[in-house]
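One letter stands for each residue in the lines below.
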Amino acid sequence: NNTKLLLHCDGADGSTTFTDSAAPSKTVTANSSAQVDTAQSKFGGASGLFVIRSNSFLSVPDHDDWNMGAGAWTIDNWVRYNILGANTSHGIWSQKTDDSNGYDLRLVDDVTDARYYLFAVRSAGAAIVALQTTALTVNSGTFYHLAVVHNGTNYTLYIDGSSAITSLDADNVQDYTGTFRIGVDMADNYSNGWIDEFRVSKGIA
């Protein structure tokens, strides 16, 4: 009952069909060149392939399930990067009403090649919640498990099951009106690699 979106990203190589295994299921649309790829997977023999130069991503229509409010919730997935490079950001997921209001998770690759994850909730352009890790060793060619968890007034970002950063913050994710997007952040920075086993859970940390 807590699972609101579950994408195993399985299927035939090159397929643009992404089935939501949650009940009731939601419609998932593959945009640009987003597709199922059997070359890489964490589970199930396939994953979602996203190519940064073609601005590919998945979209799910706006729904009350994305209105997290003050309750517990978790968004988690596996990600494997194809190519990482300086001064780029790799969007992992997002939902926004506009460029100033929404929430997202991204990997930031700054000009010194320091890599860190950033989860932010933005209101009127200001980050009212921000989890930014310290510089991390993040390599291409490796699957990483990422989980953003809200529990009480705590936000925690987990990497491979270990807490990377926790923030005590009373601000909550509100009812944003845009589509939920996978493979791109609020600033339209696109992912470059593979995403597998994407899940949104509401009412449980």
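The structure we're discussing is the one just above.
Residues numbered from 1 in each chain as written. Predicted model: local features only at pLDDT ≥ 70, side-chain atom pairs only at ≥ 80, totals over all residues. Heavy atoms only, no water.

**Considerations on the overall build of the protein**
Inclusion rule: In this description a helix means any DSSP run of H or I spanning at least four residues, a strand means any run of E spanning at least two, and both kinds are numbered starting from the N terminus. Computation of the radius of gyration draws on C-alpha atoms, with the globule rule given as 2.2 Å multiplied by the number of residues to the power 0.38. Accessibility here uses a 1.4 Å probe with only protein chains present; expressed as a share of the type maximum, an area under 20% marks a residue as buried, one over 50% as exposed, and anything in between as partly exposed. In this description, contact between two residues means that some pair of their heavy atoms is separated by no more than 4.5 Å. Where accessible areas are quoted, they stem from the Shrake-Rupley method and a 1.4 Å probe; at the residue level, only the protein chains shown are allowed to cover. The positive count covers Lys and Arg only, the negative count covers Asp and Glu only, and His and the chain ends enter neither. In plain terms, the charge of a residue is placed at NZ if it is Lys, CZ if Arg, CG if Asp and CD if Glu.
Counting its secondary structure elements, the protein contains zero helices and 15 strands. Whereas a compact globule of 205 residues would reach a radius of gyration of roughly 17 Å, the protein reaches 16 Å, a difference of no more than 12%. Over its C-alpha atoms, taken along the principal directions, the protein stretches across nearly 45 × 45 × 30 Å. Counting only residues that meet the buried cut, the protein has 50% of its 205 residues in that class. For the protein, restricting intrachain contacts to residue pairs at least 6 apart in sequence, the fraction spanning at least 24 positions comes to 64%. For the protein, the accessible area works out to roughly 8,500 Å², and carbon and sulfur atoms hold 45% of it. The averaged location of the 22 negative side-chain charges in the protein is 2 Å from the averaged location of its 12 positive side-chain charges.

**Quick look at the environment of Val51**
Locating Val51 in the fold gives a position in the loop between strand 4 (47–50) and strand 5 (57–60). Residue classification places Val51 among the buried residues on the basis of a relative accessible area of 18%. Distance in space between the C-alpha atoms of Val51 and Gly183 is 9.2 Å, their sequence separation being 132 residues.

**Focus: the sheet that holds strand 9 (residues 115–123)**
How we decide: Strands are labelled as partners when DSSP assigns at least two bridges between them. Note on geometry: axes are lines fitted to C-alpha atoms, helical ones only across the stretch in contact, with angles between N-to-C directions running from 0 to 180 degrees.
The sheet built from seven strands is open, its strands ordered 2-5-14-7-8-9-10 with antiparallel pairing. Across the chains shown, the open sheet's two edge strands, defined by having one partner strand only, are strand 2 (29–31) and strand 10 (126–132). The sheet shows a mean angle of 20 degrees between the axes of neighbouring strands, direction not considered. In terms of strand pairing, strand 2 meets strand 5 through three bridges, oriented antiparallel. Within the sheet, the bridge partner assigned to Ala30 lies in strand 5 and is Leu58.

**Examining the nonpolar core**
Which entries qualify depends on this criterion: Residues belong to one nonpolar core when they are buried, are Ala, Val, Leu, Ile, Met, Phe, Trp, Tyr or Cys, and are joined through side-chain atoms within 4.5 Å.
In terms of nonpolar packing, the biggest core is built from 42 residues, with Tyr81, Trp93, Tyr103, Tyr117, Phe119, Phe180 and Phe198 touching the most fellow members. Looking at this core element by element, the count peaks at four residues for strand 6 (residues 73–81).

**Describing the environment of Asn189**
Relative to the helices and strands, Asn189 resides in the loop between strand 14 (180–182) and strand 15 (193–202). Separated by 97 residues in sequence, Asn189 and Ile92 have C-alpha atoms that sit 8.8 Å apart. When sequence neighbours within four positions are dropped, the list of residues in contact with Asn189 reads Ser89, His90, Gly91, Arg106, Gly183 and Val184.

**Notes on the pattern of salt bridges**
Using the following cut-off: Any Lys or Arg side-chain nitrogen located within 4 Å of an Asp or Glu carboxyl oxygen qualifies as a salt bridge.
Summed over the entire model, instances satisfying the criterion amount to nine salt bridges. Measuring nitrogen to oxygen at the nearest pair gives 2.5 Å for the salt bridge that ties Asp104 to Arg106. Put simply, Lys96, Asp99, Arg181 and Asp188 are held in one network by salt bridges that share partners.

**Some words on unusual backbone geometry**
Ala23 connects to Pro24 through a cis peptide bond whose omega is -5 degrees. As for its placement among the helices and strands, Pro24 is situated in the loop between strand 1 (3–7) and strand 2. Although it is not a glycine, Ser32 adopts a positive phi angle of roughly 55 degrees. A positive phi angle, near 50 degrees, is found at Ala124, a position not held by glycine. Counting through the fold element by element, Ala124 comes out in the loop between strand 9 and strand 10.

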